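Residue-level structural notes
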Amino acid sequence: VRTIRSCLPFVLTPPTLGTYSVMRRPHPVHRLDKPTSGLLLVAKTKPAMSQLTEQFVSRTIQKTYTAIVNGIPYETKQPGD
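This is a predicted model, so every value here is computed, not measured.

Along the protein chain, the regular secondary structure elements total two helices and two strands. Written out in order from the N terminus, the α and β elements of the protein chain read α-β-β-α. Relative to the 2.2 N^0.38 estimate, which gives 12 Å for 81 residues, the radius of gyration of the protein chain is 18 Å and therefore markedly larger than a compact globule would have. For the C-alpha atoms alone, the extent of the protein chain along its principal axes is close to 55 × 30 × 25 Å. Looking at the protein chain as a whole, 10% of its 81 residues are labelled buried. At a minimum sequence separation of 6, the contacts of the protein chain that also span at least 24 residues come to 29%. Summed over its atoms, the accessible surface of the protein chain is roughly 7,400 Å², and 56% of this surface lies on carbon and sulfur atoms. Between the averaged position of the 11 positive side-chain charges in the protein chain and that of its 4 negative side-chain charges there is a distance of 21 Å.

Structural data, given as structure tokens:
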């Protein structure tokens, strides 16, 4: 069975030699905006996994979104306009 977790070691660059607390295989931490296209946040080390998980649990993580648009988007009328 192919899962995202089983494929990660083949598509990510391993941490550099000497990196502290490297995990045997990268671990998905969070799926951002799953209802839309989604983005998978992955940790390669135990400290990174702990810190990222804590930030999501405590809701202190900061997200920044950038959009790339081809052409000029048209405006849609919102209910009540």
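This part takes up the confidence of the model for the protein chain. Residues shown with low pLDDT carry predicted positions that ought not to be read at fine detail. With 91% of its residues at a pLDDT of 70 or more, the protein chain shows a mean pLDDT of 79. Confidence, expressed as mean pLDDT per element, reaches its minimum in the protein chain at helix α1 (residues 4–11) with 73 and its maximum at helix α2 (residues 46–57) with 90.

Tracing the backbone through its elements, the reader meets T45 in strand β2 (residues 39–45). For T45, a relative accessible area of 13% puts it in the buried group.

One can expect most non-glycine residues to show negative phi and most peptide bonds to be in trans. The phi angle at R59 is positive, at roughly 60°, despite the residue not being glycine. Along the chain, R59 turns up in the segment after α2.

Rules used in this analysis
- Every residue gets a number counted from 1 within its own chain, in the order that chain's sequence is written.
- Given that this is a predicted model, residues contribute local features only at a pLDDT of at least 70 and side-chain atom pairs are listed and counted only at 80 or more, while totals for whole chains, interfaces and linings are drawn from all residues.
- The basis for every side-chain value is the complete set of heavy atoms in the structure, and neither hydrogens nor water enter the calculation.
- Runs of E in the DSSP output that reach at least two residues are strands. Runs of H or I that reach at least four are helices, and both are numbered from the N terminus.
- Radius of gyration means the value over C-alpha atoms here, while the globule rule gives 2.2 Å times the residue count to the 0.38 power.
- For every residue, the accessible area (1.4 Å probe, protein chains only) is compared with the maximum for its type, and the residue is labelled buried under 20%, exposed over 50%, or partly exposed between those bounds.
- Contacts are assigned to residue pairs with any non-hydrogen atoms lying within 4.5 Å of each other.
- The method behind every accessible area is Shrake-Rupley, applied with a 1.4 Å probe, and residues are considered shielded solely by the protein chains displayed.
- Note that His is not counted, nor are the chain ends; the positive residues are Lys and Arg, and the negative ones are Asp and Glu.
- For this purpose, a charge sits on NZ of Lys, CZ of Arg, CG of Asp or CD of Glu.
- Along the chain, pLDDT gives the predictor's confidence residue by residue, from 0 to 100.

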